[in-house]
Amino acid sequence: MPTNTNKVYLASPFFSDGQKDRIAQVVSLLKQNPTIDSDGIFIPQDHQFESEPFGSFKWQDAVFASDMRQVHKADVVVAILDYQLEDGLTEPDSGTIFEIGSAHEANIPVIMVQFGENSQLNLMLARSYTAFFNGKDDIQHIKDYDFNNLEQRYTEKKVL
């Protein structure tokens, strides 16, 4: 049985109930995976520096510094691309895209997750991931994915 040593940074928007539900589903699958440290999943929504007024410069500075530090401490970034899926919009959240780019630039593997099977994928995102899980059924395989070996897993979806 593989050891569960991999620490995860979970990049995702968390501004709506739908987004929070998708996060909960992915976290549940990650915690079932024997190659993931279930106590080592960093979820940005849980680290918002409530001691500072939301949106203030000090709050922005603290959140940005913490998130970037955690991206670079992670063994892998798992990124949920769906942003406003409930509204029929298929563009990923800009903060999530920034975190993907930061991880890719630091040679940290990126595992992308997309619930919206018919959503398109930008070329820059398509070339920066190690593995891609697309659609509610496919996402279930996260619990069995080997985060120690990080096998490449591609999608045939249309790339823009």
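All figures in this text were calculated on a predicted structure; none of them were measured in a lab.

Conventions we followed
Residues numbered from 1 in each chain as written. Predicted model: local features only at pLDDT ≥ 70, side-chain atom pairs only at ≥ 80, totals over all residues. Heavy atoms only, no water. Helix = DSSP H or I, 4+ residues; strand = E, 2+ residues; numbered from the N terminus. Buried < 20%, exposed > 50% of the residue type's maximum accessible area, 1.4 Å probe, protein only. Contact = heavy atoms within 4.5 Å. pLDDT = per-residue confidence, 0-100. Pairing = 2+ DSSP bridges. Right-handed = clockwise from strand over helix to strand, strands pointing away.

Visitor: Can you help me understand the environment of Met-68 in this one?
Guide: Along the chain, Met-68 falls in helix 2 (residues 57-73). Judged by relative accessible area, which is 13%, Met-68 ranks as buried. For Met-68 and Leu-123, which are 55 residues apart along the polypeptide, the C-alpha to C-alpha distance reads 23 Å. With residues up to four places along the chain from it excluded, the contact list for Met-68 reads Phe-98, Glu-99 and Ser-102.

Visitor: What is the right way to read the confidence of the model for the protein chain from this model?
Guide: Caution applies to low-pLDDT regions: their predicted coordinates should not be interpreted in detail. When pLDDT is averaged along the protein chain, the result is 90, and 92% of the positions lie at 70 or above. At the level of individual helices and strands, the protein chain shows its lowest average pLDDT in helix 4 (residues 123-126), which scores 90, and its highest in strand 1 (residues 6-11), which scores 98.

Visitor: What is the right way to look at the pairing of strand 2 (residues 36-42) in this model?
Guide: A regular strand carries its side chains on alternate faces of the sheet. Where burial is concerned, most of strand 2 is hidden: 5 out of the 7 residues are buried. Relative to strand 2, strand 1 is paired through 3 bridges, and the arrangement is parallel. What sits directly across from Tyr-9, in strand 2, is Phe-42. Where the polypeptide runs from strand 1 across helix 1 (residues 17-32) and back to strand 2, its parallel neighbour, the crossover connection is right-handed.

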